[in-house]
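# Fold and contact review
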Amino acid sequence: MSTSIEFVDYVYENLKPLGDIKCKKMFGEYGLWYKGKFFGCICDNQLFIKDTDSGRKILGKDILFASPYQGAKEHIVIENIEDKNTLIDLIINTYDELIK
């Protein structure tokens, strides 16, 4: 199953307040960058964010993990894309951790 462009647009609209967000089609699915740093992807109509300590702290104990595609490391699966404040906080903190 591949991701619909409607779902990509929906995710992108929720991430727009961050500013420097890029979404690029890759291998039939979509990669996500913030300030030039890859932080996640959209695969099979699901949003995946790289697993980080800060992400685990922000989301608490009810985190779902899965691989976005066969052979990939597990990522955090974002189930509540509508919670823009938490999503934006998660991405900023993930970015900060990834650039260290």
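What counts and what doesn't
- Residues numbered from 1 in each chain as written.
- Predicted model: local features only at pLDDT ≥ 70, side-chain atom pairs only at ≥ 80, totals over all residues.
- Heavy atoms only, no water.
- Helix = DSSP H or I, 4+ residues; strand = E, 2+ residues; numbered from the N terminus.
- Expected span 1.5 Å × (residues − 1).
- Buried < 20%, exposed > 50% of the residue type's maximum accessible area, 1.4 Å probe, protein only.
- Arc of directions from axis to C-beta.
- Contact = heavy atoms within 4.5 Å.
- 1 Å grid on protein atoms, 1.4 Å probe; cavity = no way out; pocket = protein on both sides within 12 Å on 5 of 7 lines; lining within 4 Å.
- Points joined across faces, edges and corners; volume = space filled by probe spheres on them.
- Nonpolar A, V, L, I, M, F, W, Y, C, P; charged D, E, K, R; others polar.
- Phe/Tyr/Trp six-rings, centres within 6.5 Å; stacked < 30°, edge-to-face > 60°.
- Lys NZ or Arg CZ within 6 Å of the ring centre and 35° of its normal.

## Some thoughts on helix α3 (residues 84-98)
End to end, α3 covers 21 Å across 15 residues, agreeing with the expected 21 Å (1.5 Å per residue, within 8%). Listed in full, the buried residues belonging to α3 are Leu87, Ile88, Leu90, Ile91, Thr94 and Tyr95. Looking straight down α3, one finds that the buried residues subtend no more than 160 degrees of arc, so they occupy a single side. The inward-facing, buried residues of α3 abut α1 (5-15), β2 (29-34), β3 (37-43), β4 (46-50), α2 (53-59) and β6 (75-78).

## Here we look at the layout of surface pockets
The computed volume of the largest pocket comes to approximately 250 Å³. In terms of lining residues, the largest pocket is bounded by 14 residues, among which Leu59, Asp62, Ile78, Glu79 and Asn80 are the most central. Residue assignment for the lining of the largest pocket shows that the elements contributing at least two residues are α2, β6 and α3. Along the lines of polarity and charge, the residues of the lining of the largest pocket split into 9 nonpolar, 2 polar and 3 charged. Its volume calculated, the second largest pocket comes out at about 200 Å³. Lining the second largest pocket, in full, are Met26, Phe27, Glu29, Tyr30, Gly31, Phe38, Cys41, Cys43, Lys50, Tyr69 and His75. Of all the elements in the fold, those that place two or more residues in the lining of the second largest pocket are β2 and β3.

## Details of the packing of aromatic side chains
Here the distance between the centres and the angle between the planes together describe a pair of aromatic rings. Throughout the structure, instances matching the rule amount to 3 aromatic pairs. Relative to Tyr10, the ring of Phe7 has its centre 6.3 Å away and its plane inclined at 45 degrees; by these criteria the two rings are tilted. Remark: Tyr10 and Phe7 occur in helix α1; sequence separation between them is 3 residues, near one turn of the helix. Geometrically, the ring pair formed by Tyr34 and Tyr95 is edge-to-face, given 5.1 Å between the ring centres and 80 degrees between the ring planes. Taken together, the residues Tyr34 in strand β2 and Tyr95 in helix α3 connect sequence positions 61 residues apart. Take Tyr95: its relative accessible area is 13%, and that puts it in the buried class. A cation sits over an aromatic face here: Lys24 above Trp33, 5.0 Å from the ring centre.

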